[in-house]
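Tertiary structure, described
Here are the chains, one letter per residue:
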Amino acid sequence: MANLGLPGPSNALEPFRPVQEVVSNRISRKFGPEEVLSKLRVTAERQHRQIESDMEFDRILWAANQSKDQMLAEETFVAAAAQLWGFTRVAARAMFYASDVNDTARLDKVEYLLLREAFVKNDEALADNELIQEIQLRAIYFKYVLRRPAQRTVFNTVLTAAEMLDLVRDLCTGDTHVQKVAAHLLPRLHSDKETIPLQEFVGTFMDRGKLQNLLDSNSMSVNDIVSNVRDARDQRFKTGRVVLDGRAESAYLSSPLQEKKGIESDVVGSEAVNADMELDPQCRAVGGWRGPMAVARTSEEYGVALQVIKVAMGLAQEAASSNDMLDRDWLPNGAGLDRLLGKGESLQANKICLLAKACQRQFSSYPSLVRVRAPAKVFGDIHGQLRDVLLLFGLFGMPYHCGGDIQTTSYVFNGDFVDRGEHQLEVVALLFSLHVVYPMQVYLVRGNHEFRDMSENMGELGFLHHCQSRMKKRWRSVFDAVHSAFDWMPLGAVVAGKVLVLHGGLGDGTWGLRDLEELKRPMQELDCDHALNALWSDPSDSDNTMSRGVHSNEERGEGAGIHQFGPDITQTFCMREGIDLVIRSHQFVRQGYKVMHGGHLITLFSARNYLLDDGEASHNDAAMILLATDLNGHLRVHPKRVAFMPHPDSVPPKESWWKNFSEEFAACWHFLATGQKLRRKVQQNKPNVKFNRKLSGSSSTPTSPASR
């Protein structure tokens, strides 16, 4: 039976709007900016803290297009805090309202500084500061208010008795209290021994039947033990509240009577809503799913970027369903740019510059190490081979909200977007468009080729020459705009807190995630050793004992300070930094991915037939990696690859058994005579790029075009 009924309200599912200024749980009294700065003891020697805070504040506003009123909105702060410091949504909102001492439901620069000093810097010199202490107490109170389902504000709210018990319960799990109780329950924890066998653990509590007395003396009971076991519930099936989005996607199939064709996104219409329905606040979403850093749907940037994405996803479907061909033979000589951006150099240049400027604005609000939610797809080097990345989209899922998986899956592109390939500007236009439309779902990580000196020194294969050949008049403005965006690009990403994605490698492994996170941008030159090795170093290509440790990587540049690191370096780094896997790119591998270093490192490459003129060396696949939680709650690695295309120009030479025997014999004789392994030239290493460290008063030497 049909249930048509009357149309409902047209805006029934519209997300919550930002909270407006109202009377609130005001701080003890209002403080003016000068008084706040005085209480924070922002003296001349501490002035750099305020300057750092103000610059960060301005970048966030710039990225979210909120610079006009110089006030930071709640949702913008929540998104920025998740990236900058890894704060949860509830924690970030609690800190936001606690620091809003002027009750405007927004933060100004002084309030933002106050928040950073109270919750980020943890300066011991301010530990006894009354203003800081009051802000911190307000935040913990607001945290339990904001944990309520659909709680939009802290204004005029009070905690219930149950919420106060939760607050106290959580406070009791703090390190100070836990250590004090542990000293009574398990004195051995404070001895020199680091382990406790089961029999001794049970005996400590059961000795002479004193369990109940022991628990009573610490205000505990047997029920606490039982509850602890029962409360170990499976978290895989738990999530936040269910909310309804205010937009929907509709597919229109080809038909003689159907004018529309394809998939479109629009607001949920009144016909899809029950008559007289008023949405339960618990079911109402907060903000748009693309996040506060996304450009507005009405902006010019959005229109340009969305059109590029639409055309590219259509090309991806075509490529996946048609006969295979090499990227260099597909839409050559600027035909790809014509498809993505329209014909005409001026039109194309204007659009690329517009996208680059928007991306630069978004990048500037991120730390150098971004945080990414799982499930996530990670891509390796692309090097201007647009068709290969489109094949991965068309075969394994596209980053698009009209027919793709972008609403459920994050995308990470791990550098080296340009140099060598036929479609370098096309790749830049597509990746920038994806980031402009989906900045909280798509992440671009910088590679060693996203630097001006690399683009210039690669000769005819480089991005500079590519821009000059595609843009006869506007090449300089395009080149500069793209590199200005590259200068702000993050240098790494952490997926689900467990997988580090960076372009090169770990170098000597002495640095950590915090060092990477705190690298200053914009970065035009690699003058920091940590950044240099994060973008340039390579892992040893064997897990054997002789490959352990740190070695000089002369193939990447003599005296450049670039390292080759062994499996022990990778495992030590992962254990120290609390991660399980490093995904890096930077070198092409036969099957597009290669598992290394005891399973803690994977090299990933996403450009097929990479060195077509080098015979067998061009027989490499393109791959991407899906990181998704499995039924056991593990983050599982799923490689996806597109096989290389056999081509007359890349027929592998026949193996000579005599040549192999001679090489093996020479290697053995050399080892017996010298005690050292013979370094043999391996064809796979031929395309390595060499880094030229710029010294004062010296000029850089052009890199060989045969280098990668």
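Conventions and cut-offs
- Residues numbered from 1 in each chain as written.
- Predicted model: local features only at pLDDT ≥ 70, side-chain atom pairs only at ≥ 80, totals over all residues.
- Heavy atoms only, no water.
- Phe/Tyr/Trp six-rings, centres within 6.5 Å; stacked < 30°, edge-to-face > 60°.
- Buried < 20%, exposed > 50% of the residue type's maximum accessible area, 1.4 Å probe, protein only.
- Lys NZ or Arg CZ within 6 Å of the ring centre and 35° of its normal.
- Salt bridge = Lys/Arg side-chain N within 4 Å of Asp/Glu carboxyl O.
- Helix = DSSP H or I, 4+ residues; strand = E, 2+ residues; numbered from the N terminus.
- Contact = heavy atoms within 4.5 Å.
- Arc of directions from axis to C-beta.
- Pairing = 2+ DSSP bridges.
- Axes fitted to C-alpha atoms, helices over the stretch in contact; angles between N-to-C directions.
- pLDDT = per-residue confidence, 0-100.

1. Considering the packing of aromatic side chains
One pass over the structure, following the stated rule, counts 23 aromatic pairs. Between Phe96 and Tyr97, the aromatic rings sit 5.3 Å apart at their centres with planes inclined by 90°, giving edge-to-face as the arrangement. Classification of Phe96 by relative accessible area gives buried; the value is 0%. Cluster of aromatic residues (ring-pair linked, three or more members): Phe57, Phe77, Trp85, Phe87, Phe96, Tyr97, Tyr112 and Phe155. Sitting above the plane of the Phe451 ring, Arg446 keeps its charged end 3.6 Å from the centroid.

2. Brief notes about the pattern of salt bridges
Taken as a whole and judged by the stated rule, the model has 30 salt bridges. Asp388 is the partner of Arg608 in a salt bridge, and the nearest nitrogen-oxygen pair spans 3.0 Å. Note that Arg608 is positioned in the loop between strand 14 (601-604) and strand 15 (622-629) and Asp388 in helix 15 (residues 386-396), a separation of 220 residues in sequence. We classify Asp388 as buried; its relative accessible area is 2%. As a salt-bridge pair, Arg446 and Asp487 come within 3.2 Å of each other at their nearest N and O atoms. Of the two residues, Arg446 is situated in the loop between strand 6 (442-445) and helix 17 (452-457) and Asp487 in the loop between helix 19 (475-486) and strand 7 (492-495); the sequence distance between them amounts to 41 residues. Among the residues examined, Arg446 registers a relative accessible area of 0% and is labelled buried. Overall, Asp487 belongs to the buried group, its relative accessible area being 3%. Through salt bridges with shared partners, a single network forms among Glu52, Glu56, Arg116, Lys121 and Lys520.

3. Considering the side chain of Gln424
Topologically, Gln424 is positioned in helix 16 (residues 424-437). Residue class for Gln424 comes out buried when judged on its relative accessible area of 2%. Residue contacts for Gln424: discarding those within four places in its chain leaves Gly384, Val418, Asp419, Leu461, Gly462, Phe463 and His466.

4. Details of helix 18 (residues 463-470)
For helix 18, the full list of buried residues reads Phe463, Leu464, His466, Cys467 and Arg470. One side of helix 18 holds all its buried residues, which, seen down the axis, span an arc of 160°. Where helix 18 is buried, its residues touch helix 13 (335-341), helix 14 (345-363), helix 16, helix 17 and helix 19.

5. A few points about the sheet that holds strand 8 (residues 499-501)
Taken in spatial order, the six strands of this open sheet run 3-7-8-12-14-13, and their pairing is mixed. The two strands at the open ends of the sheet, each matched to only one other strand, are strand 3 (369-372) and strand 13 (593-596). Put simply, the sheet's adjacent strands are angled 20° from each other on average, direction ignored. Bridge count between strand 13 and strand 14: four bridges; the pairing is antiparallel. Of the residues in strand 14, the one forming a bridge with Val595 is Ile602.

6. Let's talk about the confidence of the model for the protein chain
With 81% of its residues at a pLDDT of 70 or more, the protein chain has an overall mean of 84. Contacts from residues 695-708, a stretch scored under 50 in pLDDT, to residues over four places away or in other chains number 37 contacts.

7. Describing unusual backbone geometry
A cis amide bond, omega 0°, links Ala374 with the succeeding residue Pro375. With respect to the helices and strands, Pro375 occurs in the loop between strand 3 and strand 4 (376-379). Between Arg521 and the following residue, Pro522, the backbone shows a cis peptide bond with an omega angle of 10°. Here Pro522 lies in the loop between helix 20 (513-517) and helix 21 (529-536).

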